[in-house]
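Now for the letters of each chain:
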Amino acid sequence: IVREAFRGVKEPTIIGSFGMQQKIAALVACAVDDEKEAEEALTWLCNSSKTTFAPYVDPIYGTEVDLHIDNTGGELLEKYVNDIDHDGFGCEVGLGYNRIWFRSSIDIAEILKNCKSTKLDLYQNPRFLKMFQSFIKETVGSGISLAIGDSGYPVNGMSPCAEEMLRGYAVTKDPKLAQNYYYYVDGDLSKVDLDMLTPAEAEQLASDIQKDVETYGELQFESENLTGFGLAVLREGQHKKDAPKQYDAWMYYLGYFGHW
C-alpha cells in the first residue's frame, strides 16, 4: 500500500497541500525493508520539483487543464526556506490550510526522527521550529482564532493546537511551547500524553511544563505586526480564556493567493 501511494505521488496522481505527499515519501523510507527503496524515497523527498505538464481536456466539462505527468521531488527543505515565512506561516491565507502545512510537517519530523535510513532531523531546522510559534499569534480574546480566508467557522476559528505544542516541547523543551500548551489546555496538565509514553514519562513531561510556567510565567499576549504573514493585531486587556475586558483590532494586509 505504501509503495503504491509513493508511485502515485511521483506520477503524480496523488496531489495535496504541502506535507501530504512528502509524508508518504518519509513513510516509505521508514517502512520498507529495502535500502535502495529507502534511498530513492529520501532522495525524492529532498529533490527539487520539476513537474512536467501536458494539456488535457476534461471528458465531462470539455475544459482544458494542465495534467501532471511527473514530479521529480518533494522539495522538503526548499519549502522551509522559500515558502515558510519568518513568522512560521506557509503561503496560504486560510489559517486552517496553513495548519495542514504545520501538522504534516510535524508528522514528517516524527517519522524521520524514528527512521534508521536517515539522519535528517526537522527539529534542527530553524524555520520548521518557527511554525510552532505561529498560530498562537493569531489568537484573540477568549482564545478565539481569527478566521482569515478559508478557515472554517467565523466565530470559533481553528481548533486549538495543544497536541502540536506538546510534540514540539517533548523534543525541544522550549519554555515558550510549555507556555503555549498551558494556555491551550487552560492550565489542565492531567491529560499530558503522547503515543507510547509510559505513565511515568507523561508525568515527567507534565512536571517539566509546570516548572517552566512557574519559572517564566503564563503566556502573555501583546500587540504585534507579523510582517512575514501580513497580520497586524492590537491587543488590550488581560488575554486569558474567558477573562473580562479584552479588546482586539486586527488587519490582514499581505495578500497570499492560497485559500483567500
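That block above? That's the structure.
Rules of the game
- Residues numbered from 1 in each chain as written.
- Predicted model: local features only at pLDDT ≥ 70, side-chain atom pairs only at ≥ 80, totals over all residues.
- Heavy atoms only, no water.
- Helix = DSSP H or I, 4+ residues; strand = E, 2+ residues; numbered from the N terminus.
- Buried < 20%, exposed > 50% of the residue type's maximum accessible area, 1.4 Å probe, protein only.
- Contact = heavy atoms within 4.5 Å.
- Pairing = 2+ DSSP bridges.
- Axes fitted to C-alpha atoms, helices over the stretch in contact; angles between N-to-C directions.
- Parallel < 35°, antiparallel > 145°, perpendicular 65-115°, else oblique.
- Left-handed = near helix turned anticlockwise from the far one by under 90°.
- Nonpolar A, V, L, I, M, F, W, Y, C, P; charged D, E, K, R; others polar.

K.L.:
Report on the side chain of serine 17, specifying residues and quantitative values.
P.N.:
Position of serine 17 among the secondary structure elements: in the loop between helix 1 (2-10) and helix 2 (20-31). Owing to a relative accessible area of 16%, serine 17 belongs among the buried residues under this scheme. Look past the residues within four positions of serine 17 in its chain and what remains in contact with it is Glu92, Tyr97, Ile100 and Trp101.

K.L.:
An account of the sheet that holds strand 6 (residues 231-237) is needed here, citing residue identities and associated values.
P.N.:
Ordered by their spatial adjacency, 3 strands build an open sheet running 5-6-7, and the pairing between neighbours is antiparallel. Looking along the sheet, the strands with just one partner apiece sit at the ends: strand 5 (224-226) and strand 7 (246-252). Each strand of the sheet is rotated relative to its neighbour by a mean of 10°, with strand direction disregarded.

K.L.:
Report on the side chain of lysine 79, specifying residues and quantitative values.
P.N.:
Positionally, lysine 79 belongs in helix 4 (residues 76-82). Lysine 79 gets classed as buried once you look at its relative accessible area, which sits at 19%. Apart from the residues within four sequence positions on either side, lysine 79 is in contact with Phe18 and Ile84.

K.L.:
Before we move on, can you summarise the packing of helix 2 against helix 3 (residues 35-46) with the specific residues and values?
P.N.:
It is at 8 Å that the axes of helix 2 and helix 3 come closest, and there the two elements cross at 155°. Overall, the two elements helix 2 and helix 3 adopt an arrangement that is roughly antiparallel. You can see that helix 2 and helix 3 cross each other, and the crossing is left-handed. Side by side, helix 2 and helix 3 meet where Gln21, Gln22, Ala25, Val28 and Ala29 of the first sit next to Glu37, Ala38, Ala41, Leu42, Trp44 and Leu45 of the second. Looking at the contact of helix 2 with helix 3 residue by residue, the class counts come to 8 nonpolar, 2 polar and 1 charged.

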